[in-house]
Amino acid sequence: MKKTLLFASMALTLAVMMTACKSDKFKQAENGLLYRFETTNPEGAQPQVGDVLVGELIWLLDGDTLWNNTGKADRIFQVAESPMFKGDIPEGLLMMHVGDKAIFKVPADSMAKFMQSNQMPPKYQSGTNQYFYYEISLMDIVTKEELEQEYANMMEEAKQRQEEEPALIAKYIADNKITAKPTKSGLYIIVNKKGTGAKVAPGKKVSVNYTGRLLDGTLFDSSREAEAREAGKYLEGREYGPLTYTVGSQPMIPGWEEGIMGQPAGSDITLIIPSELAYGARRAGKDILPYTPLTFNLTIESVE
């Protein structure tokens, strides 16, 4: 009986080893990329240079998962014109068809040469023969031409938003019966409560509680936990409380910097910031589109 169990155990161990060996069989592409296709769909469309792949991606450094959007297909890669190094992934992306599932094995040391040290995962160790694994299920392709049309549409929408912004601000001022006059730059500073402490100045250390909203009242960020929770914008793991920094040492949007300068500690102010003094033609996160005016309620907790 013991001998039978021993042979059974050995057979099982051998089977596991053979499966593991088989699962690690990668082919090598012309440029040195290691790849393996789990599912193939030769009839599916293939991406071209400049196209964007839509699908699911599991990204690992050896056995550690760095990214996983399984069940939430999204735009995951744009196909570069040429690889950055021998064994880079663009060669593999061009091999795929919609409906394919493939795994690409990329040497971490090769990638590290083109990255800043803080861009590499904490568990990366130079010279230890580590590999990134990209497990990709390709579901759709956004062509280069479609991307160009998206960009053209986006620019047209941005232009329209820019043209409409002055009227939006004027309506907000009228609807809220704001009597404060704008500064020369176009910023509105409304003092809800005048503090009596030290004044904000360059080089001073300040602590500020804030809530930022769009003109329609949508909250996009807050240091106040209760307000973030009420708006459904609470982030697990974030430390809520005043933002503390040295004035002039941390990049802030111009409207914020102008608005708090000279304000004494203990003040509560509201800023109405035109996009020119905020993010301008740039998008910032999900809520702030190009040419979006913002409001901030700020409480200057301390100035040192």
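So, here's what we can say about the structure. No experiment lies behind these values; they were computed from the predicted model shown. (Residues numbered from 1 in each chain as written. Predicted model: local features only at pLDDT ≥ 70, side-chain atom pairs only at ≥ 80, totals over all residues. Heavy atoms only, no water.)

1. Observations concerning unusual backbone geometry
Line of reasoning, step 1. The phi angle at D62 is positive, at roughly 50°, despite the residue not being glycine.
Line of reasoning, step 2. With a phi close to 50°, K177 is a non-glycine residue in the positive phi region.
Line of reasoning, step 3. One can find K177 in the loop between α4 (144–175) and β8 (188–193).
Line of reasoning, step 4. Of the residues examined, K177 reaches a relative accessible area of 70% and is grouped as exposed. (Helix = DSSP H or I, 4+ residues; strand = E, 2+ residues; numbered from the N terminus. Buried < 20%, exposed > 50% of the residue type's maximum accessible area, 1.4 Å probe, protein only.)

2. With respect to the nonpolar core
Line of reasoning, step 1. Of all hydrophobic cores here, the largest spans 27 residues; its most connected members are F77, F104, Y134 and I136.
Line of reasoning, step 2. At the level of secondary structure, the elements contributing two or more residues to this core comprise β3 (52–61), β5 (74–78), β6 (101–107), α3 (108–112) and β7 (131–142).
Line of reasoning, step 3. With 5 residues, β7 is the largest single contributor of residues to this core.
Line of reasoning, step 4. If you look at the next biggest cluster of nonpolar residues, it comprises 26 residues, including Y210, I253, I260 and L271. (Core = buried A, V, L, I, M, F, W, Y, C linked by side-chain atoms within 4.5 Å.)

3. Structural notes on the side chain of T211
Line of reasoning, step 1. Mapped onto the secondary structure, T211 falls in strand β9 (residues 205–214).
Line of reasoning, step 2. Looking at T211, its side chain comes within polar contact range of the side chain of E227, at 2.8 Å.
Line of reasoning, step 3. Those residues in contact with T211 that sit more than four places away from it in its chain are L219, D221, S222, R224, E227, T295, F296 and N297. (Polar contact = N/O pair within 3.5 Å; in protein donor to acceptor, adjacent residues only side chain to side chain. Contact = heavy atoms within 4.5 Å.)

4. Some remarks on the side chain of D51
Line of reasoning, step 1. In this structure, D51 sits in the loop between β2 (34–39) and β3.
Line of reasoning, step 2. One polar contact links the side chain of D51 to the main-chain amide nitrogen of Q48, over a distance of 2.8 Å.
Line of reasoning, step 3. Reaching out from D51, the side chain makes a polar contact with the backbone nitrogen of K144 at a distance of 2.7 Å.
Line of reasoning, step 4. Residues within four places of D51 in sequence aside, it is in contact with F77, Q78, V79, I141, V142, T143 and K144.

5. Here we look at a negative patch on the surface
Line of reasoning, step 1. A cluster of acidic residues, D140, E145, E146 and E148, forms a negative patch on the protein surface.
Line of reasoning, step 2. Broken down by element, the negative patch gets its largest block of residues, 3 residues, from α4.
Line of reasoning, step 3. Here E146 shows up in helix α4. (Patch = residues over 30% accessible without salt bridge, like charges linked within 9 Å, V, L, I, M, F, W, Y side chains within 5 Å. Areas by Shrake-Rupley, 256 points an atom, 1.4 Å probe, with all protein chains shown as cover. Salt bridge = Lys/Arg side-chain N within 4 Å of Asp/Glu carboxyl O. Lys, Arg positive; Asp, Glu negative; His and termini not counted. Charge placed at Lys NZ, Arg CZ, Asp CG, Glu CD.)

6. Topic: the environment of P264
Line of reasoning, step 1. Looking at the secondary structure, you find P264 in the loop between α6 (254–260) and β12 (268–273).
Line of reasoning, step 2. On a C-alpha basis, the gap between P264 and G197 in space is 5.1 Å, while along the polypeptide they are 67 residues apart.

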